[in-house]
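One letter stands for each residue in the lines below.
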Amino acid sequence: MAARGVGLLACLPLGSQARGRVQRPMHSLLSYPGAVAADFEQEKQPPGSVETGSEDKTSLKRFSEVQKERREQAQRTVLIQCPNKVNEKKFLKYLSQHGPINNHFFYESFGLHAVVEFCQKESVTSLQNATRTPSLSTEAAIPFRSRFFNLKLKNPLNQTSEPSSIQCSNQSPPSSKKLFELLHYADSIDDQLHNLLKEFQITEENTKLRYLTCSLIEDIAAAYFPHCTVRPFGSSVNSFGKLGCDLDMFLDLDEIEKLHAQKTSGNFLTEFQVKNVPSERIATQKILSVIGECLDHFGPGCVGLQKILNARCPLVRFSHQAAGLQCDLTTNNRIALKSSELLYIYGTLDSRVRALVFGIRCWARAHSLTSSIPGTWITNFSLTMMVIFFLQRRSPPILPTLNHLKSLADTEDKCIIEGHNCTFISDLNRIKPSGNTETLELLLKEFFEYFGNFAYEKNSINIRQGREQNKPESSPLHIQNPFETSLNISKNVNQSQLQKFVELTRESAWILQQEGKDRPSPSSNQPWGLAALLLPPIAKTKALAQKKRKRLVSERIKNLLEAVRTNNTENSTDPNEGKKISTKA
Ligand code: GTP
Ligand code: MG
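Residues numbered from 1 in each chain as written. Chains lettered and ligands numbered in written order. Predicted model: local features only at pLDDT ≥ 70, side-chain atom pairs only at ≥ 80, totals over all residues. Heavy atoms only, no water.

A separate point is the environment of histidine 104. Structurally, the position occupied by histidine 104 is in strand 3 (residues 101-108). Separated by 13 residues in the primary sequence, histidine 104 and glutamate 117 have C-alpha atoms spaced 5.9 Å apart. Here the side chain of histidine 104 touches glutamate 88 through a polar contact of 2.8 Å, side chain to side chain. (Helix = DSSP H or I, 4+ residues; strand = E, 2+ residues; numbered from the N terminus. Polar contact = N/O pair within 3.5 Å; in protein donor to acceptor, adjacent residues only side chain to side chain.)

The next subject is the packing of helix 12 (residues 351-366) against helix 13 (residues 380-392). At a minimum axis separation of 10 Å, helix 12 and helix 13 run at an interaxial angle of 135°. Classified by the angle their axes make, helix 12 and helix 13 are oblique. Crossing of helix 12 against helix 13: the hand is right-handed. Counted together, Val353, Leu356, Val357, Ile360, Arg361 and Ala364 of helix 12 and Asn380, Phe381, Leu383, Thr384, Val387, Phe390 and Leu391 of helix 13 form the full contact between these two elements. (Axes fitted to C-alpha atoms, helices over the stretch in contact; angles between N-to-C directions. Parallel < 35°, antiparallel > 145°, perpendicular 65-115°, else oblique. Left-handed = near helix turned anticlockwise from the far one by under 90°. Contact = heavy atoms within 4.5 Å.)

Core analysis: the largest hydrophobic core is formed by 80 residues, its most contacted members being Trp363, Leu444, Phe451 and Phe501. No other element matches helix 12, which puts nine residues into this core. The contacts of leucine 444, once residues within four sequence positions are left out, are Ile189, Leu193, Leu356, Ile360, Leu512, Leu530 and Leu533. (Core = buried A, V, L, I, M, F, W, Y, C linked by side-chain atoms within 4.5 Å. Buried < 20%, exposed > 50% of the residue type's maximum accessible area, 1.4 Å probe, protein only.)

A few words now on the sheet that holds strand 6 (residues 229-233). Taking strand neighbours across the sheet as the criterion, the five strands line up as 6-7-10-9-8 in an open arrangement whose pairing is mixed. The open sheet has two edge strands, strand 6 and strand 8 (302-308), and neither has a second partner. Ignoring strand direction, the axes of neighbouring strands in this sheet form an average angle of 25°. Looking at chain direction, strand 9 (residues 315-320) and strand 10 (residues 325-331) are connected through five bridges and run antiparallel. By the bridge assignment, arginine 317 is partnered in strand 10 with aspartate 328. Across the sheet, helix 8 (residues 204-221) lies against strand 6, strand 7 (247-252), strand 8, strand 9 and strand 10, angled at about 150° from strand 6, the strand it touches most. (Pairing = 2+ DSSP bridges.)

Looking at the metal site, the magnesium ion (ligand 2) is ligated by Asp246 (OD) and Asp248 (OD), spaced 2.1 Å from it. With a relative accessible area of 28%, aspartate 246 lands in the partly exposed category. Under the relative-accessibility criterion, aspartate 248 is labelled buried at 13%. (Donors = N, O, S within 2.8 Å, 3.2 Å for Na, K, Ca; no water.)

Rendered as C-alpha cells:
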C-alpha cells in the first residue's frame, strides 16, 4: 500500500555532482536510548553487561540534557523515502552537496526510508531550497514544505545496474521464535533477562526516529503556534521503551510565553490579543482538534487520525506510516513529562531495574495481563511502578523513595505543576548507588512472591514513601500517582484482572522454585527459566507434564541402576539374588 500523503511530498532529483565530502556510514547498533551519540563507548556495551549495582563510572546525563541534545539532533535531520534500489554511495554524495552528514541509516516501513542527520541545520534549508514540489497529473498536490522528502531517480536504469548494498536497521521487536532461542541458550536467568532487554529495548536508530517524528510534527504545529515544542514522553524516553511501543508526544505551548516575556521600559505594557475560552480543558480540546485536522489533511506520512478529545487526558491518535510509529499527541500534560523524567532516573540508577521491568512487562504481555487497547487491565506504567516499589522494599533498598529524591533536590529542581509538588533531584550523579547485590534471578522470584502475597484489599503501593500505605479508596488495586497523590494510577483495574495477575504471579513463583531444583540441560528442547514463564498456559501445562514425565523416567532409571548396584554387591555373596531384580521400578 502506498503511503498516503506521499503525493504531497516534495521530490528530490538525484544528480551525480558532489561538493562536500561523504561521511562514513554509521551502522553501529547503539543500544541505550537514554544516552546521546556522544556516548558511543558507553552505548556500544550492552546495558546487560553489568551484573549488579551502578558500577558505571561515567557521568550520567540529566533527562533535560538528553532531551535537549536529541531535539537539536532531530532539527538537523531529514526523513527521505527512497527507491528500493538506491545506491547508498551516490545517495550520500548527492546529499552531502548540502553540507557534511553526521550519520544516516536506512529502514523499511511501507518502503525504504533513510534518516539523514546533517552536521549543520543550514544543510536542511539548503536541501529544502533545492527540492521541487511534485506535479501530479491525476491528483492535486497541495504544496507543503517539510523535512520529509521523496527521492526520485533521474535515471533509474543507471542506478539499478549496480549492486545494492543497503543494510536496513531493524525497528521491530524479535519474533517469538528468536526470543525463545535467545533465552534457551543463555547461561542463567540473569543472562536471559539481559538478553531480553538487549533485544527488546529501543535502539539508537529507533530513538532518533522517534525524536525526528516529534520534530516533524512540531514543524506542522508551529504553523499555528510559532515557537511551540513537541516533546516525546512515556516509554520512548523513560528508559523502559520496547521496540514497537507507541510514541507519546506533548505539544508544549509554555515555551512561547517564556520567549515573549521580555521587559520593556516606560508606562505601557503590551499584551498579545488572544481569544478566551471558558476553561483550560476546552482550550486543550480546541488546540488538539485544529492540529489534528492539519495533520490529517496535510501532514506527510500521518494516517488514520482519531480525535479522542473527551478522554480524561484529551489526545489525537494517528499513525506515522513512514516512521512506522503509532502516535498519541497531547497538550497540557506537563505532569506526564515529569513522570517520564522520574522513571528515567529510576531506570538509569541501577542496571538491574530495566532488565527486571522488561522481563515483567514481557511476562505480563505473554499472559495477556496487559494490552495495547485500553481496558480494565494493568498498564505498563502501573507495572513499572510495581517493580520500582518492589525494588524500594529490598533490604538494602535497590531504589530510593521519591521523598528521598525530593530531599536531594537543588533550588533549580523545584517544580510545582498545577499545585502539585513535582520536585526531585535531576542530577543522577548525586544519588548514592545501592549496596544491594542481589541477582536478577532472585529478584524475579521475589517479585512474584511479593505480589503473589500482597495485601491488595487493605494496602496501597506508594513509591513516594517506599512503603505500603492504607488504601484510601476501594479500587481493587491502588497505586498512588506519585505527583497527583490523591489519584490512583490503576483505578481502571477490576477485581478479575487483579485476580488473574495474582494467580499468575503465584504460578510463576512456583515454576521458578521448581526450576531451581532441576534445570534442563542446554541440549534438551525444554523451555527453562524465563522461557518457561513466558509460555502461554496450555503450552506450559504440556511442558510441565513433559518435565514431570522425564523426571519419572529418570527416577526409574536411577532406581534401576541403584538396584543393579545393590544386586551386584549382593551377587558377590549370593549369585542367585540377581533374579530378583525387577525392571518395573
Ligand atoms: P507503553 O505501554 O510502552 O506505551 O508505556 P508508557 O509508559 O508510554 O505508557 P502510556 O503510553 O500508556 O502512557 C504514557 C505516559 O503517560 C506514561 O509513561 C505516564 O507518564 C503517563 N501515564 C499513563 N497512564 C497514566 C495514569 O494512569 N496516570 C498518570 N498520572 N499518568 C499516566
Ligand atoms: Mg506509551
